[in-house]
Amino acid sequence: MDENFQEEQFTGIIKFTPPLYKQRYQFIKDLVGKYKPKKVADLGCADGTLLWMLKFCSCIEVLAGLDICASVMKEKMHRLSPLPGDYLQPTERSLTVTLHHGSVAHKDPCMLGFDLVTCIELIEHLEEFELKKFPEVVFGFMAPSIVVISTPNCEFNPLLPGVTLFRHPDHKFEWNRAQFQSWALETARRYDYSVEFTGVGHPPIGMENVGFCTQIGVFVRKYPQTSESAQTEKPTEAVYKTVFKAVYPSLKDEKYLQNAVVSEVIFTAQIIKQSLLDHLMSEHEEYEDDPTERKSKFQPSVSCLSEDLGKLVVEKSMEPFVNGNVAYIPLTTIFYFPKVNRLCGTFEKLCKLIAGKVTLSSDGSAVIFNSEHENEEN
């Protein structure tokens, strides 16, 4: 539940830099950087801003958001979709982003198996019956390795202009530090978690006794969850409604890997071919005054290539060459270019991925190009 709008009204005396909501999100990003979770769920995700920030974290492969208000999620959910650049240059990791409409008081199997669950400014919006069910759903049923809960610290409220009772009209309560810590410690004890307390939004100098504006509890599960306990209360039917899902292109998908390899092979072969043709032009100019020195068939030396390219060719004893109007670029040479090698792993896989996608010599050992056009220009 993002309260950025309301917090901006309080900046007459207290001004947070960065804004308080950004500090909360940065806290989560730092936690992700520390623990490297692969699957993260944000309960009370609102417009998905935190999910949008987390999708750039390379360790995360699954992101899920849950909120009781579908219309708020739909407002900006397009930001969670892949961009054209994601298709042009797929990453090695897979990433799936899903938004669900539902209540944190209900259990749904789609929320099982997460490493990290965040509840940012959520619990104070829950009705009493929802708050009672919340610990069992999150800590008992979902049982992630880490749970982060943030909530307003009401001891800070007197410093916020315009706040009379609660910071937001939808808040059902706001706890002081002792109340939050009592609830958190009891919840941690009941479900075998440890909990540490911190916060964001420092008070003004001289008023440190009020604590952070936003108080945070970081819960860490003490014991690994067994497969038996994970399945004990798994409901047979889903209760959440999926309102958005995006699967990002990944090199783990054979289709995207093939496209990337074919593009890189063609690009690499073009670079080598151009080096050959440039050298052919220089040779042509060098001997143009002595026709007897011209060669009908050009066999270039390694020196015609760049230093790095030449090194690769020498090491593999496979020189590219031009025969008539055709340039031959050995696959062996292409394979040992770092990016091609990293994408394919083995020479056999390279051959498999480019089969039927790249023009090869009759024996399949080299990429071939028609160099007639370039030679005419030379």
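Going along each chain's sequence as written, the residues are numbered from 1 onward. Confidence filtering applies because this is a predicted model: local features only for residues at pLDDT of at least 70, side-chain atom pairs given and counted only at 80 or more, and all residues used for totals across whole chains, interfaces and linings. The side-chain figures draw on all heavy atoms in the structure; neither hydrogens nor water molecules are used.

You'll find the protein chain entered in an unreviewed UniProt entry as Small RNA 2'-O-methyltransferase, with Nyctibius grandis given as the organism. The UniProt entry for the protein chain carries the following text under Cofactor (unreviewed entry): "Mg(2+)". UniProt positions are given in the numbering used here, feature names are shortened, and annotations may be inferred rather than shown by experiment. The heading Sequence similarities (unreviewed entry) in the UniProt record of the protein chain holds the text "Belongs to the methyltransferase superfamily. HEN1 family."

S.K.: What am I meant to see in helix α7 (residues 177–190) here?
M.R.: Because the α-helix completes a turn every 3.6 residues, residues three or four places apart line up on one side. Its 14 residues give α7 an end-to-end C-alpha distance of 20 Å, which sits within 8% of 20 Å, the value for a rise of 1.5 Å per residue. Each residue is assigned to one of three classes by its accessible area relative to the maximum for its type, calculated with a 1.4 Å probe on protein chains only: buried under 20%, partly exposed between the two thresholds, exposed over 50%. Helix and strand definitions follow DSSP, with helices as H or I runs of at least four residues and strands as E runs of at least two, each counted in order from the N terminus. Listed as buried for α7 are F180, W183, A184, T187 and A188. Buried residues of α7, viewed axially, fall in a sector of 130°; they line one side. Seen from the open side of α7, the exposed residues pointing more than 90 degrees away from its buried face are A178 and R189. Note on contacts: a residue pair qualifies if any of its non-hydrogen atoms lie within 4.5 Å across the two residues. Where the residues of α7 are buried, they touch α6 (128–142), β5 (146–152), β6 (193–200) and β7 (214–221). Measuring from the backbone nitrogen of A178 back to the side-chain oxygen at the start of α7 gives 3.1 Å, which picks out N176 as the cap. Two residues or fewer after α7 comes D192, characterised by a positive phi angle close to 60°. Given a helix with a known number of residues, its expected span is that number minus one, times 1.5 Å. Throughout, the arc means the angular range of directions from the helix axis out to the C-beta atoms. The term polar contact refers here to a pair of N or O atoms within 3.5 Å; inside protein, the definition further demands a hydrogen-donor-capable atom paired with an acceptor-capable atom, and it admits residues adjacent in sequence only when both atoms are side-chain atoms.

S.K.: What exactly am I supposed to notice about the packing of α6 against α7 here?
M.R.: For any two helices packed against each other, the geometry is given by the interaxial angle and the distance between the axes. Axis geometry follows a simple rule: fit a line to the C-alpha atoms, using only the stretch in contact for helices, then measure angles between N-to-C directions, giving values from 0 to 180 degrees. In contact at an axis separation of 11 Å, α6 and α7 are set at 40° when each is read in the N-to-C sense. Put simply, α6 runs oblique to α7. With respect to the hand of their crossing, α6 and α7 are arranged in right-handed fashion. Together, L131, F134, P135 and F139 of α6 and W183, T187 and R190 of α7 make up the contact between the two elements. Our angle categories are set so that under 35 degrees counts as roughly parallel, over 145 as roughly antiparallel, 65 to 115 as roughly perpendicular, and the remainder as oblique. Crossings are classed by handedness, with left-handed meaning an anticlockwise turn of the near helix from the far one by less than a right angle and right-handed meaning a clockwise turn.

S.K.: Teacher, can you tell me more about the environment of E174 here?
M.R.: Among the structural elements, E174 can be located in the loop between β5 and α7. Contacts of E174, omitting those with residues within four sequence positions, involve P152, C154, N157, L165, F166, R167, H168 and Q179. In this structure the side chain of E174 is engaged in a polar contact, spanning 2.7 Å, whose partner is the backbone nitrogen of R167. At a separation of 2.5 Å, a polar atom in the side chain of E174 contacts the side chain of H171.

S.K.: For this particular structure, what's the right way to read the sheet that holds strand β11 (residues 366–370)?
M.R.: Within a beta sheet, neighbouring strands are joined by backbone hydrogen bonds and run either parallel or antiparallel to one another. Read across the sheet, 3 strands follow the order β9-β10-β11 without closing on themselves; strand pairing throughout is antiparallel. For this open sheet the edge positions go to β9 (321–323) and β11, each flanked by a neighbour on one side alone. With strand direction ignored, the average angle separating the axes of adjacent strands in the sheet is 25°. By definition, two strands form a pair when at least two bridges between them are found by DSSP. Pairing of β9 with strand β10 (residues 326–330) involves 3 bridges; the strand directions are antiparallel. Across the sheet, V322 pairs through a bridge with A327, a residue of β10.

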